[in-house]
Amino acid sequence: MNQAVDQVPIGKLPALGVVPERMHAWVIRSERHGAPAHAFRKELVEVPTPGPGEVLVNVMAAGINYNGIWAASGKPVSVLGIHKHPFHIAGSDASGVVWKTGPGVTKCKVGDEVVLHCNMTCGECGVCNGSDPMMCEDQKIWGFETPYGSFAQFTLAQSQQVLPKPKELTWEAAASYGLVCFTAYRMLANRAKVQPGENVLIWGASGGLGCFAVQITKLLGANPIAVVSSKRKGELAMDLGAIGYIDRSEFSGLAFRPNETREETATRLEQTKRFGRAIWEVIGEKKSPDVVFEHVGQETFPTSVFLAGRMGRIVICGATTGYQLSFDVRHLWMRQKMIVGSHFAHAGECERANGLIRRGRIRPVLTDLYPYEGIPDAHQAMAENRHTGTLACLVGAPHAGLRTLEETLAVASADPRASTVRREVVLASKN
């Protein structure tokens, strides 16, 4: 192949190390903020050049996360106002191949099969080198607070973000777990400091974060109690190691709503107490959770604070239903509970959690796979909570089921119908 390449079609790969001038990407621009179907648009953009300590990764598959929905909506703030780039390519999970390295990179080389964690730091300050890098003033989430995420043929990352891809996993499975797995690991092992024998209440236990929270809680020797919205989702949580599940759809009026009436508040408190009794039934004794795993926010937080046991911890990493949290603080101070904030994970935690995946101690739960063309649809499904486990999409991989660069190159170069094959395989996997 000629070294001067303008662009490569989706589903095809250039020769190893050959970087085209432009790449296909799903792009968000400020004038299109809104629902994913409106905000995401396919464009051809210039391929970025890796600088010192950076790598260019040829993306084989990408994971779908809620921050893509936030980036699309432009709420509560526009990410374009954060990184000041004229466009935004979302996506904070990727599997792929190192295609080019910038000056000074020694951790990896061209041709390495990798997954990327999404924490970016300066790497030079005191906390980066002697404490917790998540304290770094320059800490950012790649693909959210930076312009070049994973929903493109190539992505730009720091070399410290590179982790070895688990060899037995397909590109799509390897792309599906990083953000949620590493976030759950830090929340439970580091921030909440879950101890053996403790009871951990996990909201959204069948979703991406929740699936890993259940598994990691079990691995830490504690008891995961799953909160789900259907029997089917409860069965998934049980399969992952939950000691029991509670179907929140059976508790009408449990969710907090801003400006609720006195009657609505009374109903919510009644349902909260009933929910607490359901927890006792799962545990097998009149005992409250030691830890509550929170990421839902506004709708569930008052319940989380109320239900956590004395000296309990509510660990929170997000707020998908709203950021303004209202709760009766008496239940916090009088029973000496703690609210613990947690945000993704640093490189060391990512490496440890990735090691658990590589050794088969925990596993990704990839339940839906989308083609490149379906990236907006995948985000819409997540926004509407129509999913379980994790979601991923193919980008550079010609079709599902591929695991290595060697077999991917063979398929991409041999099959002129690559894009058609990919659509057929993905659609079949969803039925």
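Residues numbered from 1 in each chain as written. Predicted model: local features only at pLDDT ≥ 70, side-chain atom pairs only at ≥ 80, totals over all residues. Heavy atoms only, no water.

Section: the pairing of strand 4 (residues 94-101)
Here's step 1: With six of its eight residues buried, strand 4 lies for the most part within the structure.
Here's step 2: For strand 3 (residues 54-64) and strand 4, the ladder comprises seven bridges, and the chain directions are antiparallel. Note that in strand 4 the partner of alanine 62 across the bridge is alanine 94.
Here's step 3: Note that strand 4 and strand 5 (residues 113-116) share four bridges and pair antiparallel. (Buried < 20%, exposed > 50% of the residue type's maximum accessible area, 1.4 Å probe, protein only. Helix = DSSP H or I, 4+ residues; strand = E, 2+ residues; numbered from the N terminus. Pairing = 2+ DSSP bridges.)

Brief notes about helix 13 (residues 375-383)
Here's step 1: Looking only at helix 13, the buried set comprises Ile375, Pro376, Ala378, His379, Ala381 and Met382.
Here's step 2: If you follow the buried residues of helix 13, they end up packed against strand 1 (22-27), helix 1 (36-39), strand 3, helix 2 (66-73), strand 16 (366-370) and strand 17 (390-394).
Here's step 3: Residue asparagine 385 follows helix 13 closely and has a positive phi angle near 55°. (Contact = heavy atoms within 4.5 Å.)

Re unusual backbone geometry
Here's step 1: The omega angle of the peptide bond from lysine 75 to proline 76 is 0°, so this bond is cis rather than trans.
Here's step 2: Considering the arrangement of structural elements, one finds proline 76 in the loop between helix 2 and helix 3 (79-83).
Here's step 3: You will see that methionine 311, though not glycine, has its phi angle at about 65°, which is positive.
Here's step 4: Following the sequence through the fold, methionine 311 ends up in the loop between helix 10 (301-307) and strand 14 (313-316).

Some details on a nonpolar patch on the surface
Here's step 1: A grouping of Val329, Trp333 and Met334 is seen on the molecular surface, where their side chains present a nonpolar patch of about 340 Å² in accessible area.
Here's step 2: With respect to the secondary-structure elements, methionine 334 resides in the loop between helix 11 (330-333) and strand 15 (338-341).
Here's step 3: Overall, the relative accessible area of 52% leaves methionine 334 in the exposed class. (Patch = residues over 30% accessible without salt bridge, like charges linked within 9 Å, V, L, I, M, F, W, Y side chains within 5 Å. Areas by Shrake-Rupley, 256 points an atom, 1.4 Å probe, with all protein chains shown as cover. Salt bridge = Lys/Arg side-chain N within 4 Å of Asp/Glu carboxyl O.)

A closer look at the pattern of salt bridges
For side chains bearing opposite charge, pairing can occur when the charged atoms are close.
Here's step 1: Applying the stated criterion across every chain, the model contains 13 salt bridges.
Here's step 2: Measuring nitrogen to oxygen at the nearest pair gives 2.9 Å for the salt bridge that ties lysine 109 to aspartate 112.
Here's step 3: Linking arginine 186 and glutamate 349 is a salt bridge whose minimum nitrogen-to-oxygen distance equals 3.0 Å. Of this pair, arginine 186 sits in helix 6 (residues 178-191) while glutamate 349 is found in helix 12 (residues 347-358), placing the two residues 163 residues apart along the sequence. Glutamate 349 carries the same exposure label as arginine 186, and that label is buried.
Here's step 4: Each of Arg29, Arg32 and Glu43 takes part in one network of salt bridges that share partners.

Considering the pairing of strand 11 (residues 223-228)
Here's step 1: Across the six residues of strand 11, five count as buried, placing the element largely inside the fold.
Here's step 2: The sheet contact formed by strand 10 (residues 199-202) and strand 11 spans four bridges and is parallel. Bridge pairing in strand 11 places leucine 201 opposite isoleucine 225.
Here's step 3: For the handedness criterion, the β-α-β arrangement of strand 10, helix 7 (residues 208-219) and strand 11 is classed as right-handed.
Here's step 4: Bridging between strand 11 and strand 12 (residues 244-247) involves four bridges; their strand directions are parallel. Within the sheet, the bridge partner assigned to alanine 226 lies in strand 12 and is tyrosine 245. (Right-handed = clockwise from strand over helix to strand, strands pointing away.)

A look at the packing of helix 6 against helix 12
Here's step 1: Two numbers describe how helix 6 lies on helix 12: the axes approach to 9 Å, and their chain directions differ by 110°. With respect to each other, helix 6 and helix 12 are oriented roughly perpendicular. The segment helix 6 lies against helix 12, with Cys181, Phe182, Tyr185, Arg186 and Asn190 engaging Glu349, Cys350, Arg352, Ala353, Asn354, Leu356 and Ile357. (Axes fitted to C-alpha atoms, helices over the stretch in contact; angles between N-to-C directions. Parallel < 35°, antiparallel > 145°, perpendicular 65-115°, else oblique.)

Quick notes on a positive patch on the surface
Here's step 1: Together, Lys167, Arg358, Arg359 and Arg361 line one region of the surface with positive charge.
Here's step 2: Topologically, arginine 361 is positioned in the loop between helix 12 and strand 16. (Lys, Arg positive; Asp, Glu negative; His and termini not counted. Charge placed at Lys NZ, Arg CZ, Asp CG, Glu CD.)

A look at the environment of alanine 184
Here's step 1: Looking at where alanine 184 falls in the secondary structure, it is placed in helix 6.
Here's step 2: Separated by 161 residues in sequence, alanine 184 and alanine 345 place their C-alpha atoms 8.7 Å apart.
Here's step 3: Residues in contact with alanine 184, not counting those within four places in the same chain, are Leu209, Phe212, Ala213, Ile216 and Phe293.

Section: the environment of arginine 313
Here's step 1: Mapped onto the elements of the fold, arginine 313 is located in strand 14.
Here's step 2: When its relative accessible area of 10% is taken as the criterion, arginine 313 is described as buried.
Here's step 3: In this structure the C-alpha to C-alpha distance between arginine 313 and glutamate 21, which are 292 residues apart in sequence, comes to 50 Å.
Here's step 4: Residue contacts for arginine 313: discarding those within four places in its chain leaves Ala192, Lys193, Val194, Glu198, Asp290, Val291, Val292, Met338 and Val340.

Examining the confidence of the model for the protein chain
Here's step 1: Per-chain confidence: the protein chain averages 93 in pLDDT, with 95% of residues scoring 70 or above.
Here's step 2: Below a pLDDT of 50 lies the segment residues 415-431, which in the model reaches 26 contacts outside its immediate sequence neighbourhood of four places, other chains included. (pLDDT = per-residue confidence, 0-100.)

Remarks on the sheet that holds strand 13 (residues 291-294)
Here's step 1: With respect to topology, six strands assemble into an open sheet ordered 12-11-10-13-14-15, the strand pairing being parallel. The sheet is open, and its two borders are formed by strand 12 and strand 15, each paired with just one other strand. This sheet shows a mean twist of 20° between the axes of neighbouring strands, independent of strand direction.
Here's step 2: Across four bridges, strand 14 lies against strand 15 in parallel orientation. For isoleucine 316, the partnering residue across the bridge sits in strand 15 and is glycine 341.
Here's step 3: Contacts between helix 8 (residues 231-240) and the sheet are confined to strand 11 and strand 12, with strand 12 contributing the most and set at about 160° to the helix.

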